[in-house]
Amino acid sequence: MSVDQFMHNFFFNWGIFVYRFRRIFLIFPIILTGLLALGLLRIKELEITEPEYVFSPEDAPWHYERAVLKEHWPVNENRFWPGKSYDYTSWTDIVVWGKALPDGRRPNMLDLKYLNETIRVSDYVYNTLSINITVDGESYRIGYQDLCMMYEQSCYDNGYLHMLKPSKLWANFSGEFGDIAQNIAEEAIQVTYPIASRGGEPIYMGALVARPHIVDAEGHFDYVMALRLTYNLREGAIQNISRLWHKKLTDYIVYSEPSPILEFGFYRNGSLNEGLKEVSEVVVPKFLTTFLLLTVYTAIFSFVLMNRNGFISIDWVRSKPNLALAGVMNAIMAIASAYGAILLSGTFFNSIANVTPFLVMSIAVDDMFVLSAAWHRTNPLLPTPQRLGHTLAEATVSITITSLTDSLSFATGCLTTLPGIRLFCLYVSVGIVFTYFYEVTFFAAVMSFCGDMEQDGKHALPCIEIAHSDSSDDSAVAGAKLLSELSLTDKVFKSGARSRSDQLKQYRQQSGAIESTEKDLKNKEISNNANQGIYAQETTVTSLSDKEIGKSHKKFSLVDIQEYYNKLMRGNKTATTNDDDIEVPTHRDDKSMMSEFFNDHYGPFLMESTTKVCVLLLFLIYVGISIIGCLNIQAGLPPKLLVLEDYYATRYYDMMDQTFWRQGLQVQLVSSSPPDFSNGTQAASFLNMMNELEDTYYIMPRNATMFWYYHYVKYLQVEKEEYGWPIPNNTLSWYKECRTWLLSAQGRRLWDLDTVWGEDWANETEYNTMYAFRLQLGMRNMQTPFDLVQAVTKLRTVASEYPQFNVTTFHEHYPFADQDIQLQPSLIQNCGLAIVMMIIIAFILIPHYGAALCISAAMFSIDLGVVGFMTFWGVTLDTISMIALLMSIGFSVNLSSHITYAYVKCEGSAREKAIFSLKTLGYAVFLGAFSTILGMLILAFVPTYMATTFFKTVFLVIVLGLVHSLVFLPVLLSVALPGSEDGKEKSKAKKISSDGRCAPESGITDQHKSVEGKRKISFDEANFETIHL
């Protein structure tokens, strides 16, 4: 027995089993959901918001590189210098520029109008901005100077702003010696770019003034676009007070508009975390809207219309709005169970997983449409347990394939080293597993209750009676008479099909009249088929009598069903299990508007030779455009795309992109095994490394490098030239002189924080040994995440070529660079693994290797299109889109598998098989695809890159998957997998059977077709049309 046959057998029996214990299967999932949902109480406890953890690989190099800095230079609140510490969490960075001029240019911040206004705001924050706190009943007013990090008992005060004023305004230079004092001041203060000096102490201006206009070789400038302010607070015991002051500063700069002529880009440690939380707070309430949209959508398409003598109304017996609601509730239960189970296990949660409910609900609704379509194709004359068994046997195999592929495609994402992707994929994968579990338990149980209501001729909505239930022998005449007696309200809201007992009664009466004619025709058909070497089979099953199968179903055992289904598997499609030996088809012909559209119009049109040629040309154009897009895709996820577009930090990111990221920011370079600079060879080797880094595309020239060695060597040269002092020529004397120089050097405050020395005073050699040092390189041309990746790669590559110096580099954006560096190999690894798994599943579960290959080809094509068209829609390759690509692999199998499976299970010519697959599942696939788009639609209106990227990618996956399923794939299947006919006569004799399945009907005469038509009218009751398959 093949896997496909086994699954059919299993799920048919499972349907009978669920019906037998439907109350248990209805209640147990609800109780299980309630218990697992208790885990949601831990969501705040386990939520992790640190961007460095979520969006960067766990084994990324930046962890070690930052640890090196922390080891050598731990934070010291009393020896702190801005820009030299990366392991504290209480800093604020502000970019300031003037409001745009009428022509769009930014004004010169050196203009006293703007410079004085900047100084006014800075002084207000430094001296006046304060908070009130109460301690032990005493009220205190706390300002910046009470909380600030210090160096030599002084707070950093952004004093460079005063240096930017004209020199005559630095001080009061009036009086007899005013000119002399001014000249002295001008000599002591050199305002140049990228490094200025004040009293001989170097000041790195590259990180303080942006995009200067340089006017001479010395670096003087007469224009800057933006300025930068920084405020750093202590942590420890006063951390909570510092947070309150930071909040006060945020309110002042961001929300109070402190200046009418300036604009501020504000960012503090924690801003990105808060931005991610804000995204979560915006996205989560949208789920309620999605829930309502999908509920209304599924309810509308669950209604069945019927035509009673020209009056079209809803068939309230066969319509299933309650089943549609159960489908949506199935998704809610799966989401709550998945979240709860994962959180109960102690796994972290991140806001990126908030998109999970939208995906899980869309998948659940898609599966619901497939199950509902399978139910409507079963014969209403069959009792509910048989209808449920046939529904699960037909639909659940396809759903198993889609659920398995979706779940496993996301499960492969759990293998990545990127925590954000791993967490998201875990939540989605487990959510899909619970969705599938509840579909075959809870949803199947609800379907059994709905089936009983339909069987008994009850209204789909509780507490409402059917006003018109035609039960007379002459349905046409009696139906018209009863219909005329009903009010308009009853016709519209209380009309429906007859109960199964009434249908069986009429069927028995009609079957007796045509029995002899059918018998003769059947014998003739078998005889004709035998002469042609064909054994024709009709899928029928004996309908059990009401006496044997009622609500108790005491005589209808699982053994009976097993025996019946084993006969079906052996090819004996007829079984006798009741007293009357009444045989009816297991499935009825679907006469809905959309099935007729696919069967009579779209399917034949698609199978025309001319159409196939056009489809081939369209596919080639599609592939070409996709390849062009793939070749031009960009990679990288800048932090500003993680927050809402109107979030205050977004302006900061934009201002930084236009100013300091272009030139000026610094990267730290650390040598943990310093060279012996007294040794000419070692010094030359280290300087050779510096030459490889400085004045490159991403690193500024040497005049932007803050390196104590350059200043010390210059000092030694001056001492030699002016005083004749020899340059130390051995290790001890060279470093001993260096340490002495650091005590009095004009830049001692900086160099002291860049070197690590021995501490044993008693041991002269150890005390004068330098164990580590660092320097700062100026960065430039950092316009995109790709540029940052290239710069980081260059720095690390050069450093690795000099292992003797144990060099590491670091910048606060290294975590994002490592994410982008790891992204491509992770994408190849996880997507490759997912594709292989999808192909294996297709070959195992699809009962035809050629069909499995077609699904694989469609999957490759869809994924190619998703990546290619992402480029044209402005989506880059990053963590978010990688998640979406993993999703696209599973989703691409979903839609393709439904059509392919129907094609394979059908018998007949390639044309008939393709038309049949479109007829039976084309509309259901369309509804499922549209429900997925509808489920994600709300994300398109969330003003953040993360949400819109999810929507764009899902939209591309679904649209391309739908085009492949309804256009490309049927054509491919019809060409690659021809039908089973051996000759022209056989091909002409085959057609799609009237019971709704695809089967050969060779030798059937027009008279037999007419009889079959009469039988069909008897159990279909009337000419009605189904909106939902």
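Residues numbered from 1 in each chain as written. Predicted model: local features only at pLDDT ≥ 70, side-chain atom pairs only at ≥ 80, totals over all residues. Heavy atoms only, no water.

A.B. asks: I'd love a proper account of a nonpolar patch on the surface, names of residues and values included.
C.D. replies: Side chains of Phe 17, Phe 21, Ile 24, Phe 28 and Phe 437 sit close together on the surface and give an oily, nonpolar patch of about 440 Å² of accessible area. With respect to the secondary-structure elements, Phe 21 resides in the loop between helix 1 (3-20) and helix 2 (22-36). (Patch = residues over 30% accessible without salt bridge, like charges linked within 9 Å, V, L, I, M, F, W, Y side chains within 5 Å. Areas by Shrake-Rupley, 256 points an atom, 1.4 Å probe, with all protein chains shown as cover. Salt bridge = Lys/Arg side-chain N within 4 Å of Asp/Glu carboxyl O. Helix = DSSP H or I, 4+ residues; strand = E, 2+ residues; numbered from the N terminus.)

A.B. asks: Account for the pairing of strand 2 (residues 130-135), naming residues and giving values.
C.D. replies: Relative to strand 3 (residues 138-143), strand 2 runs antiparallel, the two sharing 6 bridges. Pairing of Ser 130 across the sheet is with Gly 143, part of strand 3. The hairpin formed by strand 2 and strand 3 contains 2 residues between the paired strands, and Asp 136 there has a positive phi angle of roughly 55°. (Pairing = 2+ DSSP bridges.)

A.B. asks: Just give me the short version of the pairing of strand 16 (residues 663-671), but keep the residues and values in it.
C.D. replies: By the criterion of burial, strand 16 is predominantly enclosed, with 8 of the 9 residues buried. Two strands pair when backbone bridges link them, and strand 16 and strand 19 (residues 807-810) are joined in this way by 4 bridges, in the antiparallel orientation. Within the sheet, the bridge partner assigned to Leu 669 lies in strand 19 and is Thr 809. (Buried < 20%, exposed > 50% of the residue type's maximum accessible area, 1.4 Å probe, protein only.)

A.B. asks: Can you explain helix 1? Please cite residues and give values.
C.D. replies: In this model helix 1 runs 25 Å from its N-terminal to its C-terminal C-alpha over 18 residues, within 8% of the 26 Å that 1.5 Å per residue would give. Restricting attention to buried positions, one finds in helix 1 the residues Asp 4, Met 7, His 8, Asn 9, Phe 11, Phe 12, Asn 13, Gly 15, Ile 16, Val 18 and Tyr 19. (Expected span 1.5 Å × (residues − 1).)

A.B. asks: Describe the packing of helix 11 (residues 271-300) against helix 32 (residues 910-937), listing the residues and the values that go with them.
C.D. replies: Interaxial distance between helix 11 and helix 32 falls to 9 Å at its minimum, and their mutual angle equals 160°. Regarding the angle of helix 11 to helix 32, the classification is roughly antiparallel. Relative to helix 32, helix 11 is oriented so that their crossing is right-handed. Contact with helix 11, carried on its side by Thr 290, Leu 293, Leu 294 and Tyr 297, involves Leu 927, Phe 930, Ser 931, Leu 934 and Gly 935 of helix 32 and no other residues of that element. Split into classes, the residues belonging to the contact of helix 11 with helix 32 amount to 6 nonpolar, 3 polar and no charged. (Axes fitted to C-alpha atoms, helices over the stretch in contact; angles between N-to-C directions. Parallel < 35°, antiparallel > 145°, perpendicular 65-115°, else oblique. Left-handed = near helix turned anticlockwise from the far one by under 90°. Contact = heavy atoms within 4.5 Å. Nonpolar A, V, L, I, M, F, W, Y, C, P; charged D, E, K, R; others polar.)

A.B. asks: Any chance you could break down the sheet that holds strand 9 (residues 209-210) for me, citing the residues and the numbers?
C.D. replies: Remark on secondary structure: sheet strands pair via backbone hydrogen bonds, oriented parallel or antiparallel. Strand order in this open sheet of 4 strands is 9-10-1-11, and the pairing throughout is antiparallel. The two strands at the open ends of the sheet, each matched to only one other strand, are strand 9 and strand 11 (262-268). Of the pairings in the sheet, the one linking strand 1 (residues 91-98) to strand 10 (residues 226-232) comprises 6 bridges and is antiparallel in character. When the bridges of strand 10 are listed, Trp 91 appears paired with Asn 232. Most of the contacts of helix 10 (residues 239-255) go to strand 11, to which it runs at about 155°, and overall it touches strand 1, strand 10 and strand 11.

A.B. asks: Any chance you could break down helix 30 (residues 849-872) for me, citing the residues and the numbers?
C.D. replies: Owing to its 3.6 residues per turn, the α-helix brings residues three or four apart onto one side. Given a rise of 1.5 Å per residue, 24 residues ought to cover 34 Å, and the 35 Å separating the end C-alpha atoms of helix 30 matches this to within 8%. Two residues or fewer after helix 30 comes Gly 874, characterised by a positive phi angle close to 80°.

A.B. asks: Got a sec to walk through the side chain of Gln 455? Specific residues and values, please.
C.D. replies: Tracing the backbone through its elements, the reader meets Gln 455 in helix 15 (residues 419-455). Setting aside residues no more than four positions away along its own chain, Gln 455 makes contact with Leu 382, Pro 383, Thr 384, Ser 499, Arg 500 and Ser 501.

A.B. asks: Residue-level account of the state of the cysteines, with values.
C.D. replies: Here a disulfide denotes one covalent bond, and it connects the sulfur atoms of two cysteines. According to the stated counting rule, one finds 1 disulfide in the structure shown. Cys 148 shares a disulfide with Cys 155; S-S distance 1.7 Å. An S-S torsion of about -45° defines the bridge between Cys 148 and Cys 155 as left-handed. Looking at Cys 148, the relative accessible area reads 0%, which means it is buried. (Disulfide = S-S within 2.5 Å.)

A.B. asks: Tell me what's going on with the pattern of salt bridges, and back it up with residues and numbers.
C.D. replies: By the definition in use, this model includes 24 salt bridges. Notably, a salt bridge pairs Asp 752 with Arg 79, separated by 1.9 Å at the nearest N-O pair. On the criterion of sequence distance, the pair formed by Asp 752 in helix 26 (residues 748-752) and Arg 79 in the loop between helix 5 (61-72) and strand 1 is long-range, its members being 673 residues apart. Between Asp 657 and Lys 640 there is a salt bridge, with its nearest N and O atoms 3.2 Å apart. Placement of Asp 657 in helix 22 (residues 648-658) and of Lys 640 in the loop between helix 21 (609-631) and helix 22 is noted, with a sequence separation of 17 residues between them. Overlapping salt bridges, with partners in common, bring together Glu 65, Arg 796 and Asp 818 in one network.

A.B. asks: Hey, could you go over the packing of aromatic side chains for me, with residue numbers and the actual values?
C.D. replies: Taken as a whole and assessed by the stated rule, the structure comprises 69 aromatic pairs. Seen in terms of ring centroids, Tyr 339 and Phe 349 are 5.8 Å apart; in terms of plane orientation they differ by 50°. Their pairing is tilted. Here Tyr 339 is found in helix 12 (residues 321-344), whereas its partner Phe 349 is found in the loop between helix 12 and helix 13 (356-377), with 10 residues between them in sequence. Residues Tyr 339 and Phe 349 agree in their burial class; the two are buried. Between the NZ or CZ atom of Arg 22 and the centre of the ring of Tyr 19, over which it lies, the distance is 4.2 Å. Geometry around Phe 449 places Arg 22 over its ring, the cationic atom sitting 5.6 Å from the centre. (Phe/Tyr/Trp six-rings, centres within 6.5 Å; stacked < 30°, edge-to-face > 60°. Lys NZ or Arg CZ within 6 Å of the ring centre and 35° of its normal.)

A.B. asks: Lay out the sheet that holds strand 18 (residues 770-780) with the relevant residues and their values.
C.D. replies: On the basis of which strands lie adjacent, the open sheet formed by 4 strands has the order 17-18-16-19 and antiparallel pairing. The open sheet terminates on both sides in strands that have one partner only, identified here as strand 17 (755-757) and strand 19. With strand direction ignored, the average angle separating the axes of adjacent strands in the sheet is 20°. Pairing analysis gives 3 bridges linking strand 17 to strand 18, with the strands arranged antiparallel.

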